[in-house]
Amino acid sequence: KAGVTQTPRYLIKTRGQQVTLSCSPISGHRSVSWYQQTPGQGLQFLFEYFSETQRNKGNFPGRFSGRQFSNSRSEMNVSTLELGDSALYLCASSLSAGVTYEQYFGPGTRLTVT
Amino acid sequence: QQQVKQSPQSLIVQKGGISIINCAYENTAFDYFPWYQQFPGKGPALLIAIRPDVSEKKEGRFTISFNKSAKQFSLHIMDSQPGDSATYFCAAIMDSNYQLIWGAGTKLIIKP
């Protein structure tokens, strides 16, 4: 079974631009979560989607948004990029948080904002 | 109350020794406690997990010990190998809000 895939793997953007990251979950998994990982703040939860609905959102500004499609693929968008948005963005999928908490992570997208 | 505190920040263990990483939590609503292993340039990989109704879970060389009354849990890596050198994260999650709450991570180095 293929794992979680994330595209692109690396991205360099300029302050003020916007960016869209993509995540394809493991086949059959319906829950997709996004996390931001930085050396200073560690791993922080962004949001979780299940069946195209956002079920929970972390403490990030409205510039961070996401969506999930009917095939469970998910995208996250960051608008008006700031230097502090430079991070590794991780996507994780699970069957459903209500059935199993096992979350499987993709390799991440390394975003650098200059 | 949402925090998970992890220690130590870094750990050096000789090959063949036992590596021990500790975590503590405050929120008794957490009901699942996974450990993740992360290598440089990779996403975290689920290693082993436990529910609070179990005091210990063992998978190969990896064991989770869980102390519900103390609100603490720990990861023991027996017979540590250089290939175990990685960053380890403990985490906690509750059914009601679907988000993993992460410890700060422990960078483990196994010396040959």
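Residues numbered from 1 in each chain as written. Chains lettered and ligands numbered in written order. Predicted model: local features only at pLDDT ≥ 70, side-chain atom pairs only at ≥ 80, totals over all residues. Heavy atoms only, no water.

Colleague: Just checking my understanding: could you explain the side chain of Gln 103 of chain A for this structure?
Modeller: Within the secondary structure, Gln 103 of chain A sits in the loop between strand S9 (87-94) and strand S10 (104-105). Assessed through its relative accessible area of 4%, Gln 103 of chain A is described here as buried. At a separation of 3.1 Å, a polar atom in the side chain of Gln 103 of chain A contacts the side chain of Tyr 35 of chain A. Setting aside residues no more than four positions away along its own chain, Gln 103 of chain A makes contact with Ser 33, Tyr 35, Ala 92, Ser 93 and Ser 94 of chain A together with Tyr 36, Leu 46, Ile 93, Tyr 98 and Leu 100 of chain B. (Helix = DSSP H or I, 4+ residues; strand = E, 2+ residues; numbered from the N terminus. Buried < 20%, exposed > 50% of the residue type's maximum accessible area, 1.4 Å probe, protein only. Polar contact = N/O pair within 3.5 Å; in protein donor to acceptor, adjacent residues only side chain to side chain. Contact = heavy atoms within 4.5 Å.)

Colleague: Could you clarify how one ought to interpret the environment of Asp 84 of chain B in this entry?
Modeller: Residue and element names in this part refer to chain B. Checked against the element boundaries, Asp 84 lands in the loop between strand S8 (72-77) and strand S9 (86-92). Separated by 32 residues in sequence, Asp 84 and Pro 52 place their C-alpha atoms 26 Å apart. Excluding residues that lie within four positions of it along the chain, Asp 84 makes contacts with Gln 37, Arg 61, Phe 62, Ile 77, Asp 79, Leu 108 and Ile 110.

Colleague: What exactly am I supposed to notice about the pairing of strand S7 (residues 62-67) of chain B here?
Modeller: Every other side chain in a regular strand lies on the same face of the sheet, so the side chains alternate between the two faces. Residues and elements named next belong to chain B. Bridge analysis of strand S6 (residues 56-59) against S7 gives four bridges, and the strand direction is antiparallel. Residue pairing for S7: Glu 59 is matched across the bridge by Phe 62. A loop of two residues connects S6 with S7, the two strands running antiparallel in sequence, and Gly 60 in this loop sits at a positive phi of about 60 degrees. With antiparallel pairing between neighbouring strands as the criterion, S7 and S8 make up a hairpin whose turn holds four residues, including Lys 71 at a positive phi of roughly 55 degrees. (Pairing = 2+ DSSP bridges.)

Colleague: Explain the nonpolar core here, please?
Modeller: The nonpolar side chains of soluble globular proteins are, as a tendency, buried together. With 26 residues, the main nonpolar core has Val 4, Phe 30, Phe 33, Trp 35, Phe 73, Leu 75 and Tyr 88 of chain B as its most contacted residues. Among the secondary structure elements, those contributing two or more residues to this core are strand S2 (10-14), strand S3 (19-25), strand S4 (33-38), strand S5 (45-50), S7, S8, S9 and strand S11 (106-111) of chain B. Here this core takes four residues from S9 of chain B, the largest share from any one element. Apart from residues lying up to four places away in sequence, Phe 73 of chain B is in contact with Val 4, Ile 21, Asn 22, Cys 23, Tyr 25, Phe 33, Trp 35, Ser 65, Phe 66, Cys 90 and Ala 91 of chain B. Trp 34, Phe 47, Val 78 and Leu 81 of chain A belong to the second-largest nonpolar core, a separate cluster that totals 21 residues. (Core = buried A, V, L, I, M, F, W, Y, C linked by side-chain atoms within 4.5 Å.)

Colleague: How do you make sense of the sheet that holds strand S7 (residues 64-68) of chain A when you look at a structure like this?
Modeller: Through backbone hydrogen bonds, the strands of a sheet pair up, either in parallel or in antiparallel fashion. Residues and elements named next belong to chain A. Reading across the sheet, the four strands line up as S1-S3-S8-S7 and stay open at both edges, with antiparallel pairing between neighbours. Of all strands in the sheet, those with a lone pairing partner are strand S1 (5-7) and S7, marking the two edges. Averaged over all pairs of adjacent strands, the angle between their axes in this sheet comes to 20 degrees, without regard to strand direction. (Axes fitted to C-alpha atoms, helices over the stretch in contact; angles between N-to-C directions.)

Just geometry here; none of it tells us what the structure is for.
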